[in-house]
Amino acid sequence: MKQMYSPMAERTLFLAGITFLGGFLDSYTYMTRGGVFANNHTGNVAKLGIYLAQGNLDGAWNCLVPVIACVFGAVASEWVKNHTGKEHSWRIRALLAETLVLLAIGYVPASVPDSWVNTTLSFVTGFQLCLFRVSRWGAHNTTICTGNLRSVGQFLYGACRERSRENWIRAIGYTLLVSAFVLGAAVGAQACLRAGSRAVLAGGLLSAVLTGALAGERIHVTITCYPAVVEEGQ
């Protein structure tokens, strides 16, 4: 009988960690980098339209730059994916790159404009968006909550109408992931109150732990349980 294998990148605990990081970074930029959200590009696009209507070109430009950075972050993530042979390897390398960026931001001098840091973190957001898009229950977003809230509602309806245990599990699972984002934002706010702009180092350390978890899984899969999965790059 063929044994089912669930990659770590799709497991609830790992995704809760990376989603926690998404909330943490939103809190970080809001608390220490000019009151903006690094991940809220829907809001940036809306503000772009408002500023254009008002003739506020400076405001429009400040909204446009992080949006463009997010797009190029997604491009960079796809580049890493297509230039690395195995799925586990590209995710490990991509998350390692994100870790190094976050740690570097922690040592950026206060004289550097917040807009530069926010643009860099918007790039990281687009990068992370492409890394972990699937949970064991379906689509998942680690940097915003809108899609996950929709999934909670859909599966909650299915659970109530069909009395489906599976739908209850999915609704609860997505609720846990949304809660991880909220908890990340709360912890990020406390970290910022205590450490200021250096608080992002905690996010970098969490990213390093998650990178290590992926690398550890890769080693374990390679030498023990699921060689066929490694060969297929899953």
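Notes on the structure in this doc start here.

Rules of the game
- Residues numbered from 1 in each chain as written.
- Predicted model: local features only at pLDDT ≥ 70, side-chain atom pairs only at ≥ 80, totals over all residues.
- Heavy atoms only, no water.
- Salt bridge = Lys/Arg side-chain N within 4 Å of Asp/Glu carboxyl O.
- Helix = DSSP H or I, 4+ residues; strand = E, 2+ residues; numbered from the N terminus.
- Buried < 20%, exposed > 50% of the residue type's maximum accessible area, 1.4 Å probe, protein only.
- Contact = heavy atoms within 4.5 Å.

**Digging into the pattern of salt bridges**
Now for step 1: Counted under the stated rule, the structure contains two salt bridges.
Now for step 2: A salt bridge links Asp114 to Arg33, with the nearest nitrogen and oxygen atoms 3.2 Å apart. Of this pair, Asp114 sits in helix H5 (residues 114–129) while Arg33 sits in the loop between helix H1 (12–32) and helix H2 (41–54); the two residues are 81 residues apart in sequence, bridging distant segments of the chain.
Now for step 3: Relative accessible area serves as the criterion here: at 30%, Asp114 is assigned to the partly exposed category.

**A closer look at the environment of Asn118**
Now for step 1: One can find Asn118 in helix H5.
Now for step 2: Under the relative-accessibility criterion, Asn118 is labelled buried at 10%.
Now for step 3: Considered as a pair, Asn118 and Gly34 are 84 residues apart in the sequence and their alpha carbons are 8.9 Å apart.
Now for step 4: In contact with Asn118, other than residues within four places in its own chain, are Thr29, Arg33 and Val36.

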